[in-house]
Structure formats: structure tokens, C-alpha cells
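Architecture and fold: a report
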Amino acid sequence: IDRFDRVKDIVPFAGLVLLQEDGTVEFLGAYPQWDFSRWQDIEKVYGVYDKEWIKRSLYGIREDGSVIVNQYDGSTGQCMVTDHYRGWKLSDLYYVDGGVIGLTIDGKLVGDGIYENVDFSVFE
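First, a word on scope: everything that follows refers to the structure included in this document. Here the residue numbers are simple positions, counted from 1 along each chain's written sequence. Where local features are concerned, this predicted model is filtered to residues with pLDDT of at least 70; where side-chain atom pairs are given and counted, the filter is 80 or more; whole-chain, interface and lining totals use all residues. Derived side-chain values reflect all non-hydrogen atoms in the structure, with water molecules and hydrogen atoms excluded from consideration.

Overview of the nonpolar core
To keep it simple, the criterion reads: Only buried residues count toward a nonpolar core, which is a set of Ala, Val, Leu, Ile, Met, Phe, Trp, Tyr and Cys residues joined through side-chain atoms within 4.5 Å. Only protein chains enter the accessibility calculation, which uses a 1.4 Å probe; a residue whose area is less than 20% of its type maximum is buried, one above 50% is exposed, and one in between is partly exposed. Helix and strand assignments follow DSSP, with helices taken as H or I runs no shorter than four residues and strands as E runs no shorter than two, numbered in order from the N terminus. Contact between two residues is taken to exist if any of their heavy atoms lie within 4.5 Å; hydrogens are not considered.
Val-17, Val-25, Phe-36, Trp-39, Val-45 and Leu-58 are the most contacted members of the largest nonpolar core, which has 15 residues in total. Taken together, the elements giving at least two residues each to this core come down to strand E2 (16-20), strand E3 (25-28), strand E4 (42-49) and strand E6 (67-73). Residues contacting Leu-58, with those up to four places away along its chain left out, are Phe-13, Val-17, Trp-34, Phe-36, Trp-39, Val-45, Tyr-46, Gly-47, Ile-68, Val-69 and Asn-70. Core analysis: the next-biggest nonpolar cluster, separate from the first, contains 12 residues, Ile-61, Val-67, Leu-90 and Val-110 among them.

Description of the environment of Leu-16
Examined against the element boundaries, Leu-16 turns out to sit in strand E2. Accessibility expressed as a relative area gives 34% for Leu-16, which makes it partly exposed. Residues Leu-16 and Glu-26, 10 residues apart in the sequence, show an inter-C-alpha distance of 8.3 Å. Not counting residues within four places of it along the chain, the set of residues in contact with Leu-16 comprises Ile-10, Val-11, Glu-26, Phe-27 and Leu-28.

With respect to unusual backbone geometry
Here Asp-41, not a glycine, exhibits a phi torsion of approximately 60°, which is positive. Position of Asp-41 among the secondary structure elements: in the loop between E3 and E4. The class of Asp-41 is partly exposed, set by a relative accessible area of 40%. Non-glycine residue His-84 carries a positive phi angle of around 50°. In this fold, His-84 is placed in the loop between strand E7 (78-82) and strand E8 (90-95).

Focus on the sheet that holds strand E1 (residues 7-12)
Filter applied, for reference: Paired strands, in this sense, are two strands between which DSSP finds at least two bridges. A fitted line through C-alpha atoms serves as each axis, taken over the contacting stretch for helices, and the angle formed by two N-to-C directions is quoted from 0 to 180°.
Reading across the sheet, the 3 strands line up as E1-E2-E3 and stay open at both edges, with antiparallel pairing between neighbours. In this open sheet, the two strands that pair with only one neighbour each are E1 and E3. In this sheet, neighbouring strand axes are inclined to one another by 25° on average, regardless of whether the strands run parallel or antiparallel. Where E2 and E3 come together, 4 bridges link them in antiparallel fashion. Across the sheet, the residue bridging to Leu-16 is Leu-28, located in E3.

Written out as C-alpha cells, the structure is:
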């Protein structure tokens, strides 16, 4: 544990997701085995899961606002990493019961999970 002397943030998520000051991410836990090899320049990390804990997603927002996502499907045991997720450039992300709502750097809302097809233009 001595190697974790520059931790910027901790996200409890079936273990501990550790955001390091250098923008890299590490996981302390046994399962699932997240792949953080492409996670660099990360500013914020968010963990989201469905009600049964079958599908889990970790979202990372980079300094430039781009988003990387690790998704785990417990029914298949598969992990998938998607970089530049949906082309989003976010300043923040909010977990809202079954999905996430992102605030883009230009002040618009986007969604994922149960909010994937929501038309947020009514708020503009």
C-alpha cells in the first residue's frame, strides 16, 4: 500500500478505485479486474451500477473533458473499455438512479443508461 502515496480521490466501488495525482487510476479489490492501462490524465472518476450489480460502469473524465468508460457485465464476465465515449466533452457527471447525466463543457446535458435517449434540449 506504500505505493499509493499520491492519491487524489478514492471511489468505493466493489473495492477501491484510486485516482492518483498524476491522473492514472488503480483498483484495490479482487473482482472484477478492471483495465486501466489507457486511463491517463483523469480528473474525476464515477462508479455506476444497476440495481442487481450485474452491470457496472466506471467513467473517467480527462483534463480535456473527454470520457473513458470501463464496463463490466456480470452475466458474461466481460469487461470492455471505450475511450472517447460518445464523443462527450464533460465538465461533470451525475449518477441518477439507473443512469448518468453529464454536463458538457458548453453547458448542455447528455445521458447514459436509462437517460441515454432523453431529449435534454427542453432545458436549453
